[in-house]
Amino acid sequence: TYHDINPKTGKDRSFHCRWVDKIGYEPQSGIVFLRFTQDIVPLITRLEENFTKYELEQVFRLTSSYAIRLYELLIQWKAIGKTPVFELATFREQLGIGVNEYKRMDHFKTRVLDLAISEISEKTDIEATYQQHKKGRSISGFSFSFKQKKPKTKIIRPETTNNNS
């Protein structure tokens, strides 16, 4: 899914399409061939100007796909250390949660959000917390605060050689 602005009306629109048109594989060399769809080529050629960069080292130990996606959402706001309120329906979609998954808020929070926050805080370069926002008695969205962890310092001890001759 990607979004853009209709140049004629100025209104937001979204498109759902496949990214890859054709895939090929050459077994002898292990080379994979990809041909992206016509709609996607302009989007991927401008990746650096439109997307957040982070080090893969920060997410490779994460085992939950929700933790990886949440880390990606949080790190977009790295400069200020907090996010705006993510409206619940949009946030669920951003995490890749279907409309029939984790319908109960207590299940969503314990099985998705709390686990993702715990894993991010334990295994990446940031420590994160969240706040829930309500409209009436129902939770309508979440916002997040996070801070950069202090880098771990390695103690390097000089090697001692034992010359017993």
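Structure: above.
In what follows, the accompanying structure is described. If you're wondering where the values come from, they're calculated on a predicted model, not measured in any experiment.

## Description of the side chain of Thr37
(1) Moving on: The topology assignment puts Thr37 in the loop between strand 4 (31–36) and helix 1 (41–44).
(2) Moving on: Here Thr37 falls in the buried class, since its relative accessible area comes to 16%.
(3) Moving on: When near neighbours in sequence (up to four residues on either side) are disregarded, Thr37 contacts Arg18, Trp19, Val20 and Asp21.

## Observations regarding the pattern of salt bridges
(1) Moving on: Per the counting criterion, the structure on display carries five salt bridges.
(2) Moving on: Between Asp106 and Arg104 there is a salt bridge; the shortest N-O distance is 2.8 Å.
(3) Moving on: With relative accessibility at 37%, the residue Asp106 sits in the partly exposed group.

## A short note on helix 5 (residues 105–123)
(1) Moving on: Over its 19 residues, helix 5 extends 25 Å from the first C-alpha to the last, a length consistent with the 27 Å expected when each residue adds 1.5 Å.
(2) Moving on: Remark: the principal bend of helix 5, roughly 30 degrees, maps to Leu113.
(3) Moving on: When we look at burial in helix 5, the residues that qualify are Phe108, Val112, Leu113, Ala116, Ile117, Glu119 and Ile120.
(4) Moving on: Elements in contact with the buried residues of helix 5: helix 3 (65–75), helix 4 (88–95), strand 6 (126–135) and strand 7 (138–148).

Here is what the cut-offs are and how they apply
- Residues numbered from 1 in each chain as written.
- Predicted model: local features only at pLDDT ≥ 70, side-chain atom pairs only at ≥ 80, totals over all residues.
- Heavy atoms only, no water.
- Helix = DSSP H or I, 4+ residues; strand = E, 2+ residues; numbered from the N terminus.
- Buried < 20%, exposed > 50% of the residue type's maximum accessible area, 1.4 Å probe, protein only.
- Contact = heavy atoms within 4.5 Å.
- Salt bridge = Lys/Arg side-chain N within 4 Å of Asp/Glu carboxyl O.
- Expected span 1.5 Å × (residues − 1).
- Bend = angle between axes of the 7 residues up to and from the residue.

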